[in-house]
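Fold and contact review
Chain residues, written in single-letter form:
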Amino acid sequence: MVRAELEAVVNFNRERPDVYGNAHPKSLLRAIQEDGDHLSKLTNKHVYSADQFDREELLQIFRLAAKYEANPDRFGTSLQGQILISAFYEPSTRTRLSFESAWHRLGGDIMSITDRSTTGLAKGESLADVGEMFNNYGDCVVLRDTNANSVRDMMGALRIPIINAGNGTDEHPTQAFADLYTILKWKPSLIADPGGEKINLCLIGLPSKMRTVRSLLKLVALFPECFSQVTIVNDQQQNEMFDKGQLESLVQSGLNIQTSDNLQKVLPDADVVYINAIAWEGNSFNQYGNQFAINSDSPLKKGAIVLHPLARGAELCRSLDNTAHNWYFAQARGAVFLRQALLTCLVRRAERVLDIV
Amino acid sequence: MVRAELEAVVNFNRERPDVYGNAHPKSLLRAIQEDGDHLSKLTNKHVYSADQFDREELLQIFRLAAKYEANPDRFGTSLQGQILISAFYEPSTRTRLSFESAWHRLGGDIMSITDRSTTGLAKGESLADVGEMFNNYGDCVVLRDTNANSVRDMMGALRIPIINAGNGTDEHPTQAFADLYTILKWKPSLIADPGGEKINLCLIGLPSKMRTVRSLLKLVALFPECFSQVTIVNDQQQNEMFDKGQLESLVQSGLNIQTSDNLQKVLPDADVVYINAIAWEGNSFNQYGNQFAINSDSPLKKGAIVLHPLARGAELCRSLDNTAHNWYFAQARGAVFLRQALLTCLVRRAERVLDIV
Amino acid sequence: MVRAELEAVVNFNRERPDVYGNAHPKSLLRAIQEDGDHLSKLTNKHVYSADQFDREELLQIFRLAAKYEANPDRFGTSLQGQILISAFYEPSTRTRLSFESAWHRLGGDIMSITDRSTTGLAKGESLADVGEMFNNYGDCVVLRDTNANSVRDMMGALRIPIINAGNGTDEHPTQAFADLYTILKWKPSLIADPGGEKINLCLIGLPSKMRTVRSLLKLVALFPECFSQVTIVNDQQQNEMFDKGQLESLVQSGLNIQTSDNLQKVLPDADVVYINAIAWEGNSFNQYGNQFAINSDSPLKKGAIVLHPLARGAELCRSLDNTAHNWYFAQARGAVFLRQALLTCLVRRAERVLDIV
């Protein structure tokens, strides 16, 4: 490379492109009044399923996340002296680094396990015994495993909190929190102005097999008054699309659930488009709905935002990256603060961060 | 899961069950008078074999461990600025996390190597060169390798201390320290009241092949006056049971060594029952003595305690977990403090912790 | 082992042998006047290739490294609050630990990725997306990959600095910095006394295939007045020895480049002998020039120094370790301080270390 070409390649800009979903968390901070009481239950509760959380609890978690995001350098000692056991038996870099970054930024220490074969599980050790071991070594556990029962099996022995970071096809609660946090940051009026504008949510994915979709729908069901409609888009038959009881439960919460296999028809009405193609099954992943891809030519509403839990493949075209629709990078960024909020509460350090203790 | 069932599953208690071996280290602190002089040799000595240590040195290490265990939050900066190289060429989570937790709690930093194939050893680099490299990068090394010579080969080049965390079938000194520490915490009178009650120790395992048993016997041999009898229980012929010279050495120390293949006959007299089934040989492990299992129906003495280095298999039944015999969890918990004591001395930070410097 | 033998084996000395390349960085500190302006470009520039750097910039990096090396315990909070993403997709322990040690010593936090298969890349994620993810999780990236394009592909998306820690056969710039830093520490008069003595450099290796040699030659080309001659020694034909344009570029810089396949003939004139045998190609390594080995019987000049990026094989005999020629250990030691200097500048913390800000 000639010098001039090299200079161009090695120089970089620290500023985010303006279009990258840049709503300041301030507005969400104003929309939710702080009430730490709702966070008190988190001090002795594992984070296993999106089903555990009620609306008020979630709003306080979001408020705390917004507080962290508005003041990213202020709370560098909140988790001082605390040890996180970061156990990713199912390979992941994105979710692992998101949690580890969250924990480091608040001054905590981390021990990582990234290879299931190095653990006692390879020697036939029970997950309950692994849990009892963790009780002696750390203050909080984050666990991801392809085996859907691992988190549950460990939970019974734990005397420190555990976060389910993805158990097979079952759930991924913190991703769902991050997704809804992003939506509310984008449009705080959904909380601040209860009788006001609702949004139309389009979910491209498979609720029966994708843990991110499964968990998100549960949380959306806590805010039915915010959504005019939720359309699930995929190519499966309805009996394959949902788990037993899943659809009924959502409808019962007050949501207007539609399904469709025609993405082009659904997009023009959507305010939020959530897309995912990958589902972890067993020890590998499968891709569903490859034909449901979106790009800068898709018939998106002018102010519509696109979310994706990432990593992405062909379903989310890079041509959308430099458009105002791109809120998937903001989603990843906000997820770190969301996890900070959750972790802080779980290890009983919220009193170092809340205004009113 | 219905909400009520979910709530039951996700709630947890931070308090340890009373029965989990709960003797406060205070009593051991009183039983041993502090004398830091005996720790001075540790400042320029690797921890390779249980053979290196004399009785007074061990008692001071135990006292320091008890001090840490009695004040777990007080010494958070003892190892500030120090870097541990945590090298586990032989897979382990339990021992690795025990050391790493110990180091983190005292404010130190850690670099982990968990995959032998990523090291220069894969390129044919000598362990001496790896040791010289470590001299430049850290302040202390913990090494576990299936190859029994690795620790020794590296030691020759090291100018920082190394702890043998398990070298093949040879030794595992810190586990033995933790085991004896647990026994003395349980019954400090063994030290405080020298002419008083002795204890009957039953060791279910194979001294010739199990490094934990090998190292523990060496330490027990330093305190012959504390043990009325030591019975080794397994199903091997005596010439397979011990290494060359091992039995003679133990007898010479003053211990009353018995062997037996009849566990049910031995148990009723045992005050401490130590059980292990796994021996690492080469790159995998073998199980010995599967028929020597204990459970809540075993004829244990009323106040007998059970120890196991963990991970456990069928040989130590879960039915014992919620009985007063369960001191194996306390053993794992205390091991962290024991390692803190040792590590502190090795990197010359004892003056930050001892009362009399 | 009998006790006496054991004691001999477990005792160690913390003092470095005198012969281990012990020039204090003081002399280099005096030889270069501090001028932080030359470091300002580093605040928004990735470290990709040795081609990016000019002479003045390098000298200031070396001065900062010398400052760190002269005061190793003084700057323990320079990188407080900063997170390093240590991504070694190509296995390495030496370079990874060198960077991680450098970062820890300055008070920063680290997240390590040591297995390419655990990353989203295994799911088909693009390196640009991985880069965007890193933007949200850390403050600086160090990346090594066998694929020569990985660093470049990631750079385009990064808004935090990245250091190329080795991309296939292409470059390894920080190793080259460390190599030249060592030479200048050994003979600061090369800078302090510009018209004075020059040195004769012998490079045993293959510029076309060895990234360490490739990067070093580029830096040497910035100081042609310091070198009377540079002799490249290997057994390849000249058209295999250099990349297209590589030799011309070096000659154009003013260096007197010679080539030879007769090591014994070249050695007696060499002041600095740099030797390397390993080249990474694809996912494995190849050894070149096995017949070019040096040992304590080699016809080295009396005051000649030997450098090797390590890990070494048979090409650098251990018989040289305890001679005054051994500067390869000093090279590894100095590399940590060199990396500290570079990292500090990249994350805009130089103002915490420079005298004149």
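Rules of the game
Along each chain, the written sequence defines residue order, and numbers are assigned to residues from 1. Going through the entries in the order they are written, you letter the chains from A and number the ligands from 1. A pLDDT threshold of at least 70 governs which residues receive local features in this predicted model, and a stricter bar of 80 or more applies before side-chain atom pairs are shown or counted, although totals over entire chains, interfaces and linings include all residues. Side-chain descriptors were evaluated using all non-hydrogen atoms of the structure, hydrogens and water having been removed beforehand. In this description, contact between two residues means that some pair of their heavy atoms is separated by no more than 4.5 Å. Computed with a 1.4 Å rolling probe, the buried area is the accessible surface lost when two parts are put together, summed over both parts. What makes a salt bridge here is a side-chain nitrogen of Lys or Arg within 4 Å of a carboxyl oxygen of Asp or Glu, nothing more. In the analysis that follows, any N or O atom pair within 3.5 Å is treated as a polar contact, provided that within protein one partner can donate a hydrogen and the other can accept it, and provided that, for residues neighboring in sequence, both atoms belong to side chains. Aromatic contacts are taken between Phe, Tyr and Trp rings whose centres are within 6.5 Å, Trp giving its six-membered ring; a plane angle under 30 degrees counts as stacked, one over 60 as edge-to-face, and the others as tilted. The numbering of helices and of strands both runs from the N terminus, where a helix is a DSSP run of H or I of at least 4 residues and a strand a run of E of at least 2. Residue burial is assigned from relative accessible area. The probe radius is 1.4 Å, only protein chains are included, and a residue is buried under 20% of its type maximum, exposed over 50%, and partly exposed in between. The rule is short: NZ of Lys or CZ of Arg within 6 Å of the ring centre and within 35 degrees of the ring normal puts a charge over the ring. Only residues with pLDDT of at least 70 in both copies count here: their C-alpha atoms drive the least-squares fit that superposes the copies. Start and end points for every domain follow an automatic or database-based domain assignment. Amino acids outside the nonpolar list (Ala, Val, Leu, Ile, Met, Phe, Trp, Tyr, Cys, Pro) and the charged list (Asp, Glu, Lys, Arg) are all regarded as polar, and Gly is one of them.

**Brief notes about the interface of chain C and chain A**
Taken together, the contact between chain C and chain A spans 41 residues of the former and 37 residues of the latter. Summed over both partners, the interface of chain C with chain A comes to about 3500 Å²; 54% of that surface belongs to carbon and sulfur atoms. At the boundary of chain C with chain A, the tally comes to 4 salt bridges. In this structure, the connection of chain C to chain A is made through 14 residue pairs in polar contact (both at pLDDT 80 or more).

**Here's the deal with the packing of aromatic side chains**
Counted by the stated rule, this structure contains 12 aromatic pairs over all chains. Where phenylalanine 53 of chain A meets phenylalanine 177 of chain A, the ring centres are 4.9 Å apart and the plane angle is 85°; that geometry is what we call edge-to-face. Placement of phenylalanine 53 of chain A in the loop between helix 2 (26-31) and helix 3 (55-70) and of phenylalanine 177 of chain A in helix 7 (residues 173-186) is noted, with a sequence separation of 124 residues between them. Both rings, one in tyrosine 328 of chain A and one in phenylalanine 329 of chain A, keep their centres 5.2 Å apart while their planes meet at 75°; by these two values the pair is edge-to-face. The exposure classification of tyrosine 328 of chain A matches that of phenylalanine 329 of chain A, with both residues buried. The residue whose ring lies beneath lysine 45 of chain B is phenylalanine 53 of chain B, and the NZ or CZ to ring-centre distance is 4.9 Å. Its guanidinium or amino end placed over the ring of tryptophan 186 of chain C, lysine 187 of chain C lies 4.7 Å from that ring's centre, counting from NZ or CZ.

**Here's the deal with the relation of the copies chain C and chain A**
What relates the pair of chain copies is a rotation about an axis plus a shift along that axis. Once turned by 120° and shifted 0.0 Å along the axis, chain C lies on chain A with an RMSD of 0.0 Å. What the rotation and shift describe, once combined, is the action of a three-fold rotation axis.

**Focus on the domain arrangement of chain A**
How big an interface is tends to be stated in terms of accessible area lost as the parts join. Residue and element names in this part refer to chain A. Taken as a whole, chain A is organised into domain 1 (19-171 + 334-354) and domain 2 (173-333). Summarising the inter-unit geometry, the C-alpha centres of domain 1 and domain 2 are found 23 Å apart. On the domain 2 side, the residues contacting the 44 residues of domain 1 number 41 residues. For the pair domain 1 and domain 2, the number of links is 5 salt bridges. In this structure, glutamate 90 and arginine 211 form a salt bridge, with 2.9 Å as the shortest nitrogen-oxygen distance. Inspection of the domain 1/domain 2 interface yields 20 residue pairs in polar contact (both at pLDDT 80 or more). Of all the secondary-structure elements, those providing two or more residues to the side of domain 1 that touches domain 2 are helix 2, helix 3, helix 4 (94-105), strand 4 (162-167) and helix 13 (328-346). A class-by-class count of the residues in the side of domain 1 that touches domain 2 yields 23 nonpolar, 11 polar and 10 charged.

**Thoughts on unusual backbone geometry**
Cis geometry marks the peptide bond from leucine 310 of chain B to alanine 311 of chain B; its omega dihedral reads 5°. Tracing the backbone through its elements, the reader meets alanine 311 of chain B in the loop between strand 11 (305-307) and helix 13 (328-346). At arginine 348 of chain A, a position not held by glycine, the phi torsion is positive, near 60°. Residue placement: arginine 348 of chain A occurs in the segment after helix 13. Judged by its relative accessible area of 47%, arginine 348 of chain A falls in the partly exposed class.

**A closer look at the interface of chain C and chain B**
Between chain C and chain B, the residue contacts involve 37 residues of the former and 42 residues of the latter. Summed over both sides, the interface between chain C and chain B buries roughly 3500 Å², with carbon and sulfur atoms accounting for 54% of that surface. Arginine 94 of chain C is paired through a salt bridge with glutamate 125 of chain B; the nearest N and O atoms lie 2.5 Å apart. Our count for the chain C to chain B interface comes out at 13 residue pairs in polar contact (both at pLDDT 80 or more). With 8 residues, helix 4 (residues 94-105) of chain C is the largest single contributor of residues to the side of chain C that touches chain B.

**Here we look at the pattern of salt bridges**
Under the counting rule described, the total for this entry stands at 73 salt bridges over all chains. Across the salt bridge formed by aspartate 145 of chain C and arginine 116 of chain C, the nearest N and O atoms sit 2.9 Å from each other. Within this pair, whereas aspartate 145 of chain C is found in strand 3 (residues 140-145), its partner arginine 116 of chain C is found in the loop between strand 2 (109-113) and helix 5 (127-137), the two being separated by 29 residues in sequence. On the basis of relative accessible area, aspartate 145 of chain C is assigned to the buried category, the value being 1%. Take arginine 116 of chain C: its relative accessible area is 31%, and that puts it in the partly exposed class. The network of salt bridges with common partners includes Glu34, Arg63, Lys67 and Asp355 of chain A.

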